Amino acid sequence: MITKCLFPAAGYGTRFLPATKAMPKEMLPIVNKPLIQYGVEEAIEAGLRNIGFISGRGKRAIEDHFDISYELEHQIQGTPKEALLSQIRSVIDECIFSYTRQIEMNGLGHAILTGESLIGEEPFAVLLADDFCVHDDGAGVLKQMVALYEKHQCSIVAIEEIPRDQTENYGVVAGKEIDEGIYQIEAMVEKPKPEDAPSNLAIIGRYILTPDIFQIIRDTPPGRGGEVQITDAIATQAKNGKVLAYKFKGNRFDCGRIDGFVQATNYVYENYYSQGGNYPDGQV
Ligand code: UTP
């Protein structure tokens, strides 16, 4: 059974400078809720309540967000504003939060390896909060993936179809479709040129990984950009055994980029907030 979800959140978020100079990218709000809270709510929906953050310098706001703010809460106690904190209060009550720091930002693979002490010897999920995923009905992406893990008991990456000319922004997979939207991975390439890409199926920021991945990451030399790439480690895992790619149901916004962030904001505002509710449950 999977109970833990890792949130790599140590990156510098340079594409959002100067907003991210002193504030973590993961705390950028989509309307009135930070990206990282949407991510934790998605994990809770999937039944994952052990939340591990890979934190870094300048990221303390994340710890404060998932903690009580006595002064503020005392100030608004008994007023209608109290309701605005009810969602985050229930998130805090439902989860156990652990933190570890990535000292040098050596890539996502390195960040996940930094989280080994929070995970131990069990399968776990990884959620990149800047990939904001929505579903207007049915289950969230992680919940869909946990259900698939229960059937296949192997590592799984979430994928989506992208236009060919965008492959250089993603890890790209190739494999055999074993069921509708489910592929057994045969090859994976990090940020290939369109002409070198094995398909147009791109990996997005949701993973379920079996714990043997940690040793594989340790054995993986730095790849593209001199960083330890999780794509390279998962490619090795796929070569040695079974790894699935899953075309999830729902939509994803790349909130690591300004245009994706603005699209997500408009989407949540128009479909939820302006109708008097919040995403994902419609409650205020
Ligand atoms: P990104 O490359 O999108 O994040 O990594 P970034 O480096 O913060 O953004 P830019 O390119 O400078 O704008 C995807 C996720 O992996 C985490 C990031 O925090 C982000 O959530 N990450 C990346 C780490 O935790 N450590 C790393 O060394 C690299």
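**Re the packing of aromatic side chains**
Within a pair of aromatic rings, the relevant descriptors are the distance that separates the centres and the angle that separates the planes. Here the structure, examined in full by the defined rule, presents 14 aromatic pairs. Here the aromatic rings of phenylalanine 253 and tyrosine 267 are separated by 5.4 Å at their centres, their planes lie at 50 degrees, and the arrangement is tilted. Highlighted residues: phenylalanine 253 in strand β13 (residues 251–254) and tyrosine 267 in helix α10 (residues 258–271), separated in sequence by 14 residues. Exposure class is identical for phenylalanine 253 and tyrosine 267. Each is buried.

**Concerning the pairing of strand β11 (residues 201–209)**
Along β11, nine of the nine residues are buried, which leaves the element largely enclosed by surrounding structure. Strand direction decides the pairing type here: strand β8 (residues 155–161) and β11, joined by five bridges, are antiparallel. Within the sheet, the bridge partner assigned to glutamate 160 lies in β11 and is alanine 202.

**Side note on the site of the ligand**
Surveying the vicinity of the ligand reveals 18 residues, the closest of which are Gly11, Gly13, Thr14, Arg15 and Gln102. Take glutamate 26: an N or O atom from its side chain is 3.1 Å from an oxygen atom of the ligand. Surface burial for the ligand is 82%, taken as the share of its 570 Å² of free accessible area covered by protein chains. For the shell around the ligand, the class distribution of residues is eight nonpolar, six polar and four charged.

**Digging into the pattern of salt bridges**
Under the counting rule described, the total for this entry stands at 13 salt bridges. Between glutamate 122 and lysine 4 there is a salt bridge, with its nearest N and O atoms 3.2 Å apart. One end of the pair, glutamate 122, is in the loop between α6 (116–119) and β6 (124–127); the other, lysine 4, is in strand β1 (residues 4–8), and 118 residues separate them in sequence. Residue lysine 4 is classed as buried on the basis of its relative accessible area, which comes to 16%.

**Considering the environment of leucine 128**
Relative to the helices and strands, leucine 128 resides in the loop between β6 and β7 (131–134). Residue class for leucine 128 comes out buried when judged on its relative accessible area of 16%. Counting along the chain gives 126 residues from leucine 128 to aspartate 254, while the straight-line C-alpha distance between them is 10 Å. Ignoring anything within four residues of it in the chain, the contact list for leucine 128 reads Pro8, Leu108, Gly205, Arg206 and Tyr207.

**Description of the pairing of β7**
Residues Asp131 and Cys133 line one face of β7 and the alternating positions Phe132 and Val134 line the opposite face, and both faces are buried. Relative to β13, β7 is paired through four bridges, and the arrangement is antiparallel. Of the residues in β13, the one forming a bridge with cysteine 133 is arginine 252.

**Regarding the side chain of glutamate 26**
Assignment of secondary structure puts glutamate 26 in the loop between β1 and β2 (29–30). One polar contact links glutamate 26 to lysine 59, side chain to side chain, over a distance of 2.9 Å. Residues within four places of glutamate 26 in sequence aside, it is in contact with Pro8, Ala9, Pro34, Leu35, Ile36, Lys59, Ile62 and Ala129.

**Some details on helix α1 (residues 35–45)**
Burial analysis of α1 places 10 of its 11 residues in the buried class, which makes it a mostly covered element. All of the buried residues in α1 are Leu35, Ile36, Gln37, Tyr38, Gly39, Val40, Glu41, Glu42, Ala43 and Ile44. Glycine 47 sits one or two residues past α1 and shows a positive phi near 90 degrees.

**Digging into the nonpolar core**
Membership of the largest hydrophobic core comes to 54 residues, with the highest contact counts inside it found for Val40 and Phe132. Leaving out residues up to four positions away in the same chain, phenylalanine 132 has contacts with Ile30, Leu35, Tyr38, Arg206, Asn251, Arg252, Phe253, Cys255, Ala264, Val268 and Tyr279. Counting residues in hydrophobic clusters, the runner-up holds 34 residues, among them Ala10, Tyr183, Ile216 and Ala238.

Calculation rules
- Residues numbered from 1 in each chain as written.
- Predicted model: local features only at pLDDT ≥ 70, side-chain atom pairs only at ≥ 80, totals over all residues.
- Heavy atoms only, no water.
- Phe/Tyr/Trp six-rings, centres within 6.5 Å; stacked < 30°, edge-to-face > 60°.
- Helix = DSSP H or I, 4+ residues; strand = E, 2+ residues; numbered from the N terminus.
- Buried < 20%, exposed > 50% of the residue type's maximum accessible area, 1.4 Å probe, protein only.
- Pairing = 2+ DSSP bridges.
- Near = heavy atom within 4 Å.
- Polar contact = N/O pair within 3.5 Å; in protein donor to acceptor, adjacent residues only side chain to side chain.
- Areas by Shrake-Rupley, 256 points an atom, 1.4 Å probe, with all protein chains shown as cover.
- Nonpolar A, V, L, I, M, F, W, Y, C, P; charged D, E, K, R; others polar.
- Salt bridge = Lys/Arg side-chain N within 4 Å of Asp/Glu carboxyl O.
- Contact = heavy atoms within 4.5 Å.
- Core = buried A, V, L, I, M, F, W, Y, C linked by side-chain atoms within 4.5 Å.

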